[in-house]
Amino acid sequence: MPEPASPDARLTAAARDADDGRWMAYALRLARLAEERGEVPVGAVVVFEGQALGEGHNRTISDADPTAHAEMVAIRAAAAALGDWRLIDCALYVTLEPCAMCAGAIVLSRIPRIVFAAPDPKAGMAGSLENLLQDARLNHRCDVTSGLMAEEASVLLRDFFRARR
């Protein structure tokens, strides 16, 4: 039988859950900003020591750049702010499961933890199609938490695409 968690461990887990909710809510605000600008509503924030180090939303249309996904924008900003390509003490919060490109950037930047809201059954590389973020053949793997505020993120995406049909 497993040992019960210590009071300190329970407090730490509760604080982490509260922080996760706070940062995912922030990513959802960024996703809404993307939608206002005619972009697919995905938002992302890289957090370092309790502070937003880099943030972004999809900008592929406005920047005419196929690599300007929310995660890529946030990772680039975080690396610039930190002055290092290794984001080893950071967490990434994103409203949609990362695609292959973004999952590759997450692995290469050594982000240890990712939290995403909605799964992406057509392109998701954090468990839907494959799981690049936890592939044992790679030199870095991430702790992945999925499903936080998934319904809110899914509705935002569904409504966006429905309005364009």
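These figures come from a predicted structure and were not determined experimentally.

Draft legend 1. The overall build of the protein, seen in detail. Scanning the protein from N- to C-terminus turns up five helices and five strands. Its helices and strands in sequence order give the protein the pattern α-β-β-α-α-β-α-β-β-α, from N to C terminus. Referenced to the eigenvectors of the C-alpha coordinate spread, the extents of the protein come out at roughly 55 × 35 × 30 Å. Split into buried and exposed, the 165 residues of the protein put 43% on the buried side. Nonlocal contacts in the protein, meaning residues at least 24 apart in sequence, comprise 57% of its contacts between residues at least 6 apart. Carbon and sulfur atoms make up 55% of the accessible area of the protein, which totals about 8800 Å². In the protein, 18 side chains carry a positive charge and 23 a negative one; their mean positions are 3 Å apart.

Draft legend 2. Structural view of the side chain of Glu71. In this fold, Glu71 is placed in helix H3 (residues 70-82). For the buried residue Glu71, which engages in no salt bridge, the nearest side chain bearing the opposite charge is Arg76, 10 Å off. Residue contacts for Glu71: discarding those within four places in its chain leaves Val42, Ala44, Leu92, Val94, Leu96, Pro98, Cys99 and Cys102.

Draft legend 3. Layout of helix H5 (residues 150-163). Compared with the 20 Å implied by 1.5 Å per residue over 14 residues, the 20 Å span of H5 between its first and last C-alpha is a close match. Turning to H5, its buried residues are Ala150, Ala153, Ser154, Leu156, Leu157 and Phe160. The buried residues of H5 occupy an angular sector of 160° when the element is viewed end-on, so they sit on one face. For H5, the exposed residues set more than 90 degrees away from the buried face come down to Glu151, Arg162 and Ala163.

Draft legend 4. Examining the sheet that holds strand S2 (residues 51-57) more closely. Spatially, S2-S1-S3-S4-S5 is the arrangement adopted by the five strands of the open sheet, whose pairing is mixed. Of all the strands in the sheet, the pair left with one neighbour each is S2 and strand S5 (143-146). Sheet twist, expressed as the mean angle between neighbouring strand axes with direction ignored, is 15°. By the bridge criterion, five bridges tie strand S1 (residues 43-48) to strand S3 (residues 90-96) in an arrangement that is antiparallel. Note that in S3 the partner of Val46 across the bridge is Leu92. With respect to the sheet, H3 is in contact with S1, S2 and S3, its orientation differing from that of S2 by roughly 145°.

Rules used in this analysis
Residues numbered from 1 in each chain as written. Predicted model: local features only at pLDDT ≥ 70, side-chain atom pairs only at ≥ 80, totals over all residues. Heavy atoms only, no water. Helix = DSSP H or I, 4+ residues; strand = E, 2+ residues; numbered from the N terminus. Buried < 20%, exposed > 50% of the residue type's maximum accessible area, 1.4 Å probe, protein only. Contact = heavy atoms within 4.5 Å. Areas by Shrake-Rupley, 256 points an atom, 1.4 Å probe, with all protein chains shown as cover. Lys, Arg positive; Asp, Glu negative; His and termini not counted. Charge placed at Lys NZ, Arg CZ, Asp CG, Glu CD. Salt bridge = Lys/Arg side-chain N within 4 Å of Asp/Glu carboxyl O. Expected span 1.5 Å × (residues − 1). Arc of directions from axis to C-beta. Pairing = 2+ DSSP bridges. Axes fitted to C-alpha atoms, helices over the stretch in contact; angles between N-to-C directions.

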